[in-house]
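These are the residues of each chain, in order.
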Amino acid sequence: MTDTARTRDDGPAQVERRQTLLNQGYHLVRSGVLAPGPRVHRDLGAIWQLLTWGPSIAGGYRASTVRAPEQTAFVDEQRSATFRELDERTDRLANALRDLGVGPRTPVALLCRNHGGLVESMVALAKLGATTLLLNSGLSPAQVSAVVAEQRPALLLADQEFLDRCPDLPEDLEVRSTWADDGASGLAGLVAAGTAARVPVPDRPGRTVVMTSGTTSTPKGARRPHPHGLSEAASLLSVIPLRTGDRMMITTPIFHTWGLAALQLGMALHAELVLPRRFDPEETLRTIAEQRVTALVAVPVMLQRILDLPAHVKARHDTSSLRVVAYSGSAMPADQVTRFLDEFGPVLYGLYGSTEASWASISTPADLAAEPTTAGRPPLGTRIGILDDDGRPVPRGAVGQICVGNGMLFEGYTNGTGKPMFGDLMATGDRGRLDAEGRLFVLGRADDMIVSGGENVFPARSRTRSRRCPRSPTWRCSACPTSGSATGSRRTWCCTPARP
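Throughout this document, residue positions are counted from 1 along each chain, in the order its sequence is written. Predicted model: local features are reported for residues with pLDDT of at least 70 only, side-chain atom pairs are reported and counted for 80 or more only, and whole-chain, interface and lining totals are derived from all residues. In computing side-chain properties, one takes all heavy atoms of the structure into account and sets aside hydrogens as well as water.

J.: How should I be thinking about the overall build of the protein in this particular structure?
T.: For helices the rule is a DSSP run of H or I covering at least 4 residues; for strands it is a run of E covering at least 2, with both sets numbered from the N terminus onward. In terms of helices and strands, the protein carries 16 helices and 23 strands. Classification of the 500 residues of the protein by burial places 52% in the buried group. Any residue under 20% of the maximum accessible area for its type is buried, any over 50% is exposed, and the rest in between are partly exposed; the area is computed with a 1.4 Å probe on protein chains only.

J.: Would you explain the packing of aromatic side chains in this entry?
T.: The way to describe two aromatic rings as a pair is by their centre distance and the angle between their planes. Whether two aromatic rings pair depends on their centres lying within 6.5 Å, for rings of Phe, Tyr and Trp, where Trp uses its six-membered ring; planes under 30 degrees apart make the pair stacked, over 60 edge-to-face, and the rest tilted. Summed over the entire model, instances satisfying the criterion amount to 2 aromatic pairs. Relative to Phe83, the ring of Tyr61 has its centre 5.9 Å away and its plane inclined at 35 degrees; by these criteria the two rings are tilted. In this pair, Tyr61 is assigned in helix α3 (residues 57-67) and Phe83 in helix α4 (residues 83-99), connecting sequence segments 22 residues apart. In this pair, the class of Tyr61 matches that of Phe83, namely buried. Ring centres of Phe340 and Phe344 lie 4.5 Å apart, and the angle between their planes is 25 degrees; this geometry places the pair in the stacked category. In this pair, Phe340 and Phe344 both sit in helix α14 (residues 334-344), 4 residues apart, roughly one turn of the helix.

J.: Got a minute to help me understand the pattern of salt bridges in this structure?
T.: Any two side chains of opposite charge can pair, on the condition that their charged atoms come close. Any carboxyl oxygen of Asp or Glu that lies within 4 Å of a side-chain nitrogen of Lys or Arg is treated as forming a salt bridge with it. Taken as a whole and judged by the stated rule, the model has 29 salt bridges. The partner of Asp87 in a salt bridge is Arg62, with the nearest N and O atoms 2.8 Å apart. One end of the pair, Asp87, is in helix α4; the other, Arg62, is in helix α3, and 25 residues separate them in sequence. The pair formed by Asp87 and Arg62 is uniform in burial state, with each residue classed as buried. The salt bridge partner of Arg392 is Asp388, with a shortest N-O separation of 3.2 Å.

J.: How should the sheet that holds strand β1 (residues 72-75) be read in this particular structure?
T.: Strand pairing in a sheet relies on backbone hydrogen bonds, with the paired strands running either antiparallel or parallel. Reading across from one edge, β2-β1-β10-β9-β11-β12-β13-β14 is the order of the 8 strands in this open sheet, with mixed pairing throughout. Unpaired on one side and paired on the other, β2 (80-82) and β14 (358-363) mark the two borders of the sheet. When the angles between neighbouring strand axes are averaged without regard to direction, this sheet yields 20 degrees. By the convention used here, residues are in contact when the closest approach between their heavy atoms is within 4.5 Å. Here, axes are lines fitted to C-alpha atoms. For helices the fit covers the stretch in contact, and angles between N-to-C directions go from 0 to 180 degrees. Along the sheet, helix α11 (residues 281-291) makes contact with β1, β9 (247-250), β10 (272-274) and β11 (295-298), crossing β9 at roughly 165 degrees. Across the sheet, helix α12 (residues 300-307) touches β11, β12 (324-327) and β13 (348-354), and the angle it forms with β11 is around 115 degrees. The pairing criterion is simple: DSSP has to find at least two bridges between the two strands.

J.: I'm lost on the packing of α12 against α14 in this one. Help?
T.: The description of two helices packed together rests on the angle between their axes and the distance between the axes. Contact geometry of α12 with α14 gives a least axis separation of 11 Å together with a crossing angle of 55 degrees. With respect to each other, α12 and α14 are oriented oblique. Judged by the twist between their axes, the crossing of α12 over α14 is left-handed. Across the interface between the two elements, Pro300, Leu303, Gln304, Ile306 and Leu307 from α12 touch Gln336, Arg339, Phe340, Glu343 and Phe344 from α14. Among the residues making up the contact of α12 with α14, the classes are represented as 6 nonpolar, 2 polar and 2 charged. To sort the angles, those under 35 degrees are grouped as roughly parallel, those over 145 as roughly antiparallel, those from 65 to 115 as roughly perpendicular, and the leftovers as oblique. Here a crossing is taken to be left-handed if its near helix is turned anticlockwise relative to the far helix by less than a right angle, and right-handed if that turn runs clockwise. The classification used treats Ala, Val, Leu, Ile, Met, Phe, Trp, Tyr, Cys and Pro as nonpolar, Asp, Glu, Lys and Arg as charged, and all other residues, Gly among them, as polar.

J.: Can you walk me through the confidence of the model for the protein in this structure?
T.: When pLDDT is low, close inspection of the predicted coordinates is not appropriate. The predicted model of the protein averages 82 in pLDDT, with 76% of residues at 70 or higher. pLDDT is a per-residue confidence score from the predictor, ranging from 0 to 100. In this model, residues 449-457 is a region of pLDDT below 50 whose contacts with residues beyond four sequence positions or in other chains number 13 contacts. Here residues 478-493 is a poorly scored stretch, pLDDT under 50, and it has 23 contacts once near neighbours within four places are set aside; other chains count.

J.: Is there a simple way to think about the environment of Thr428 in this case?
T.: Among the secondary structure elements, Thr428 is positioned in strand β18 (residues 425-434). Assessed through its relative accessible area of 6%, Thr428 is described here as buried. Sequence spacing of Thr428 and Ala357 is 71 residues, and the spatial spacing of their C-alpha atoms is 7.0 Å. If near-sequence neighbours (up to four positions away) are discounted, Thr428 is found in contact with Tyr352, Ile402, Val404, Lys419 and Arg445. Contacts described as polar in this section are N or O atom pairs within 3.5 Å, which, within protein, must combine one atom able to donate a hydrogen with one able to accept it, while residues neighboring in sequence count only if both atoms come from side chains. There is a polar contact of 3.3 Å between the side chain of Thr428 and the side chain of Tyr352. At 3.1 Å, the side chain of Thr428 forms a polar contact with the backbone nitrogen of Asp430.

J.: Where do I start with a nonpolar patch on the surface in this structure?
T.: Residues Leu44, Ile47, Trp48 and Leu51 make up a contiguous nonpolar surface patch of roughly 470 Å² in combined accessible area. Residue position: Trp48 is located in helix α2 (residues 40-53). Only residues whose relative accessible area exceeds 30% and that form no salt bridge enter a patch; like-charged residues are grouped when within 9 Å of one another, and nonpolar side chains (Val, Leu, Ile, Met, Phe, Trp, Tyr) when within 5 Å. A 1.4 Å probe and the Shrake-Rupley method give the accessible areas. Residues count as covered only by the protein chains that appear here.

J.: I keep staring at α3 and nothing clicks. Help me out?
T.: Counted residue by residue, α3 has 10 buried out of 11 residues, so it is predominantly covered. Along α3, the residues classified as buried are Ile57, Ala58, Gly59, Gly60, Tyr61, Arg62, Ala63, Ser64, Thr65 and Arg67.

J.: Looking at this model, I keep getting lost on the pairing of β1. Mind explaining?
T.: For a regular strand, side-chain orientation follows a simple rule: the groups alternate between the two sheet faces. Where β1 lies against β2, 3 bridges are found, and the strand directions are antiparallel. In the sheet register, Val75 faces β2, and the bridge partner there is Ser80. By the bridge criterion, 2 bridges tie β1 to β10 in an arrangement that is parallel. In the sheet register, Val75 faces β10, and the bridge partner there is Val274.

J.: Before we go on, may I ask you to explain the nonpolar core in this structure?
T.: Looking at soluble globular proteins, one finds that nonpolar side chains tend to be buried together. For the purposes of this section, nonpolar cores are sets of buried Ala, Val, Leu, Ile, Met, Phe, Trp, Tyr and Cys residues that join through side-chain atoms within 4.5 Å. Core analysis: the biggest nonpolar cluster contains 90 residues, and Tyr61, Leu303 and Leu348 have the highest contact counts within it. Not counting residues within four places of it along the chain, the set of residues in contact with Leu348 comprises Leu303, Val325, Tyr327, Met332, Val337, Phe340, Leu341, Ser363, Thr364, Pro365 and Leu368. By size, the runner-up hydrophobic cluster in this structure holds 16 residues, among which are Val144, Val147, Phe162 and Val209.

J.: Is there a simple way to think about the environment of Ile57 in this case?
T.: If you trace the backbone, Ile57 turns up in helix α3. Relative accessible area serves as the criterion here: at 11%, Ile57 is assigned to the buried category. Each C-alpha atom, one on Ile57 and one on Leu125, is 9.4 Å from the other, the two residues being 68 residues apart in sequence. With sequence-adjacent residues up to four places away left out, Ile57 is seen in contact with Met122, Val123, Ala126, Leu263 and Met267.

Pasting the structure below:
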């Protein structure tokens, strides 16, 4: 190949790559993740930790320890810890876990609500290169037993309330408690018993497995990749204006992809994490006011419960410190989006994604003010394609399957299956369209679509529109497979008033 041909072939790609790197650097500097100046030696030390440990949760917290050792890493209902204290405790915990037989790729299950012990367990397991299985705390005892039987962890670390339910667990499974109301958890005993020796870097980084919801069956494990350096943080920070040292309240469970993403983003920002174990709407407002929380991470139903508080209750709490309220996990109804913007100001950001895709798009306050039902636009480093069933792009504005490409697509399910791929784009299982401004609108699940009178109908959109009528009841809709269907995919949607 001649030099001229090589320049012609590689030039546009190289220019795009350089532009992406410049954009990533800009957003990392703007947010304070990288801060040129008198403390640049700490930045270099933090980068060295990431290069040594890799961009795992272990490397991220080691980097935060170098950069801001005396800054508070987390606050929960019982205690707080600085980054230095967290680093020292997780060394002790990792050494104690190694004595129990935990090592590289050893599967360890965590069944916890949000608290410091969960964060410390995740960091310690990452230091050992173990495989962390994040179990949903809403699983029934039977589902917990089924997941344990399928995933075969060597150790279960769980809050005492879940151990008290006495699921049918294997007799040879090691079990330790991570939270007790009196503070005397098994985790505290492990930390006390472990040596203070620095944990060596494992030969290969561990893995994190997030369990899908499993509403009607045994949940599936989705293998989550570690972030590839700081590019993923730059992607989210290109839209959501978080800053180094933010006080971030994570009310959504960390065992979900959205909560895990918030933890990883807070790690990159060496943010102070405020971790309530249970969500209560008024207590959330009280905590925001008392601790001057700057960022709230939630799911839509939590924001709805805050909106539903009486006006005089909301007025009692000063929430002016909030700069960001970020939600994900499901769509937020249009009327609630508008109410939230009216009551709390232009602080609302909506992230559309999934366990498998991480994130696909983010809506800003300006997007939501203009189009309350939009899922926004793809952030830096993310691509969205609206494709037909054969993987071909559909015209702008037409409905198709939503496909996503970014650096954080999952690595497949633990049972060996995966999601359909079209080149480097993964099908999410949702259908939607892009408007003329490039904003994404999610219209429903691919298997939720029904044909009525020759028209495609999406029940989620119908429910949203019905909310706009003040005399319309709240509807409960469920999909029932119709027997005798030739394809097995036809569904009848049964809608009944949820209340008189």
